[in-house]
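Each chain, letter by letter, is given below.
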Amino acid sequence: MTPPPTAPGALAGIKVLDLSRVLAGPWCTQQLADLGADVVKVERPGSGDDTRHWGPPFLHDAAGQPTAEASYYSACNRNKRSITVDMAHPEGQALLRRMALLADVVVENFKAGGLARYGLDDASLRPHNPRLVYCSITGFGQDGPYAGRAGYDLMVQALCGLMSITGHADGEPGGGPLRAGVAVIDLFTGLYASNAILAALHARQASGQGQYIDMALLDTGMALLANQAAGYLATGQAPQRMGNAHPSLAPYQDLRTRDGHVLLAIGNDGQFARFCAAAGHPEWAEDPRFATNTARVRHRDALLACMAPVLQARTSAEWIALLQDKAVPCGPINTIAQAFDDPQVRARGLRLELPRWRAHEAPGSGPARIAGVASPMRLSATPVAYRNAPPALGQHTDEVLRELGLDAGAIAALRASGAL
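Residues numbered from 1 in each chain as written. Predicted model: local features only at pLDDT ≥ 70, side-chain atom pairs only at ≥ 80, totals over all residues. Heavy atoms only, no water.

> Which parts of the structure should I look at to understand unusual backbone geometry?
As a rule of thumb, non-glycine residues mostly have phi less than zero, and peptide bonds are mostly trans rather than cis. G55 connects to P56 through a cis peptide bond whose omega is 5°. Within the secondary structure, P56 is located in the loop between strand 2 (38-43) and strand 3 (58-60). With omega at 0°, the peptide bond leading from P56 into P57 counts as cis. For P57, the location among the structural elements is in the loop between strand 2 and strand 3. Unusually for a residue other than glycine, A226 sits at a positive phi of about 45°. Within the secondary structure layout, A226 lies in helix 8 (residues 226-235). The partly exposed category is assigned to A226, whose relative accessible area is 43%. Not every positive phi belongs to a glycine, and A327 is a case in point at roughly 55°. Structurally, the position occupied by A327 is in the loop between helix 12 (316-323) and strand 11 (330-331). Using a relative accessible area of 49% as the deciding quantity, one classes A327 as partly exposed. (Helix = DSSP H or I, 4+ residues; strand = E, 2+ residues; numbered from the N terminus. Buried < 20%, exposed > 50% of the residue type's maximum accessible area, 1.4 Å probe, protein only.)

Here it is, written out as structure tokens:
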């Protein structure tokens, strides 16, 4: 679907200077852009954000042929304006400082202290723009023994313990630690960062002052351990990998059926009793080993031994049809292709297409439209507005500089100097 134009978003009027690249920072600023903020993304002349080249997979042109544009970039940069500025060039630095002094928010994900030499760190900018909300995203934060290290999602998934609880147990087929299928640390850091920025903007309404936000991938990774961390802190026992089973609920996992697998997510005793009745074994719900969730967790192996032959007597579709109207959570384990074809996904309009700006491109050189996933934020009065597809590199450079008051001659001189 192609969303129709909508009214200005909740953050209309907020100006964001986006000095970030790759995923955590761009994911943060895409949330702000979706909510209506004017996000200007600064990219390296000639090459741009690293993710423009992180392929395959690549975007396809109108003839169905792959282009040189990686689809990775398109996942986290819609609704932004792209400009190219050489941060190492003195005139480029001056230009970015000028933009920062007019911004409400700056987001960057350089190493700790990396922007000080350019005069683009918080300490350099704040005296001239005390209302600025400045958000730094790093691997390990601004202090501590690891502060100077580069941080990557995979490293932090391993370091924080997430990989130790993801995957099948040692000794099982395919056993061993695994990373999550998407860069969850980066993505959640972006979400936490956008939440912190919104909180700082709200606080500014009362104080008139901005503030500095120190976001770290490691901090986010530790926070994401959630109930698993709470369990360790309560008992001193480190949780282990359990595949798709849940440490505190049973049955809550994938189960083999006649033709594949189905996902059963029973969260309370009432759901279990309804499942037992539907499965033709109401006696399970009365069995002292299975009558309560705590008992089921303790006797998980015995419960699964009882359930296995019963589950394998029907197909996945038959189980889903049997349980869907009995308030027993049960569903398929889809591929991503199947998920996009799901009737609920289609009804919610979660696949969208945005027209691509092509004024500077040769006909047929790139995609006419870029597909993406709609924002999950559904605001009734100030809905998300899909204003722009992920921008071409430097698409808005002249436009943004004109808004700063530079005329065509000044822009041409900057370009000739190598600053743009």
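> Please explain the pairing of strand 12 (residues 351-355) as it appears in this structure.
Along any regular strand, the residues point their side chains to alternate faces of the sheet. The side-chain alternation of strand 12 yields one buried face, formed by L352 and L354, and one unburied face, formed by R351, E353 and P355. Of the pairings in the sheet, the one linking strand 12 to strand 13 (residues 369-373) comprises 5 bridges and is antiparallel in character. Within strand 13, the residue paired with L354 across the bridge is I370. (Pairing = 2+ DSSP bridges.)

> Got a minute to help me understand the packing of helix 1 (residues 24-34) against helix 6 (residues 184-207) in this structure?
Any two packed helices are characterised by how steeply their axes cross, that is the angle between the axes, and by the distance between the axes. Two numbers describe how helix 1 lies on helix 6: the axes approach to 7 Å, and their chain directions differ by 45°. Considering their axes alone, helix 1 and helix 6 lie oblique with respect to each other. By crossing handedness, the relation of helix 1 to helix 6 is classed as right-handed. Facing A24, W27, C28, Q31 and L32 of helix 1, the residues of helix 6 in contact are D186, L187, T189, G190, L191, A193, S194, I197 and L198. Among the residues making up the contact of helix 1 with helix 6, the classes are represented as 9 nonpolar, 4 polar and 1 charged. (Axes fitted to C-alpha atoms, helices over the stretch in contact; angles between N-to-C directions. Parallel < 35°, antiparallel > 145°, perpendicular 65-115°, else oblique. Left-handed = near helix turned anticlockwise from the far one by under 90°. Contact = heavy atoms within 4.5 Å. Nonpolar A, V, L, I, M, F, W, Y, C, P; charged D, E, K, R; others polar.)

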